[in-house]
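# Inside the fold
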Amino acid sequence: GDKGGQIQSCVFHPSKPFLFVASRTTVRLYHLARQELVKTLRSGCKWISCLAIHPGGDHCVVGSRDLRLCWHDLDLGEQAHRTLKYHDKALRAACFHPKSSRYPLMATCSDDGTVQVFHAKVFDDLTTNPSIVPVKRLDASSPKGCLDCAFHPTQPWLFSGGADGSVKLFHAL
């Protein structure tokens, strides 16, 4: 049978032998050592376009062509814990800052040519929900849209890649 259609994105877990595989409508979490399906996440999105795993490993976000960003707590159920909508066109990429304990930042970019930066704090206390607050909407100045975004490994700098071939650095976040 159909296992969800075309693969949209694959991401490794930051510390466990897990692989996240996003198809058009679901994200499957596989345990690589045991070679088995662990969990299927259902975002409710019509077409998943991107996937990012929080550096702590207990949360992931799924971006979609239908303008939504779905936050999943992997310790909870299969459904999205929270759904955000801050772009006017399809999301193309999402990323977390690798040093999330020092810089609790997340970013998304879109065909609308913008990059949205969020304060995305995940707490050690499992009973406290993550704090996700929009901080700034950056103009990537790419009329054809922004295709990717990535944080610098150690600094609070964000890079974006435009469909027109441009690369922008944002350092005053």
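Residues numbered from 1 in each chain as written. Predicted model: local features only at pLDDT ≥ 70, side-chain atom pairs only at ≥ 80, totals over all residues. Heavy atoms only, no water.

Moving on to the pattern of salt bridges. On inspection of all chains with the given rule, the structure shows six salt bridges. Of the charged contacts, one joins Arg 68 and Asp 66 as a salt bridge, the two residues approaching to 2.6 Å between their closest N and O atoms. Assessed through its relative accessible area of 22%, Arg 68 is described here as partly exposed. Its salt-bridge partner being Asp 88, residue Arg 137 comes within 3.3 Å of it at the nearest N-O pair. Residue Arg 137 is located in strand 12 (residues 131-139), and its partner Asp 88 is located in the loop between strand 8 (82-84) and strand 9 (91-96); the two are separated by 49 residues in the primary sequence. Judged by relative accessible area, which is 39%, Arg 137 ranks as partly exposed. Here Asp 88 falls in the exposed class, since its relative accessible area comes to 58%. One network of salt bridges, in which partners are shared, links Asp 88, Asp 112 and Arg 137. (Salt bridge = Lys/Arg side-chain N within 4 Å of Asp/Glu carboxyl O. Buried < 20%, exposed > 50% of the residue type's maximum accessible area, 1.4 Å probe, protein only. Helix = DSSP H or I, 4+ residues; strand = E, 2+ residues; numbered from the N terminus.)

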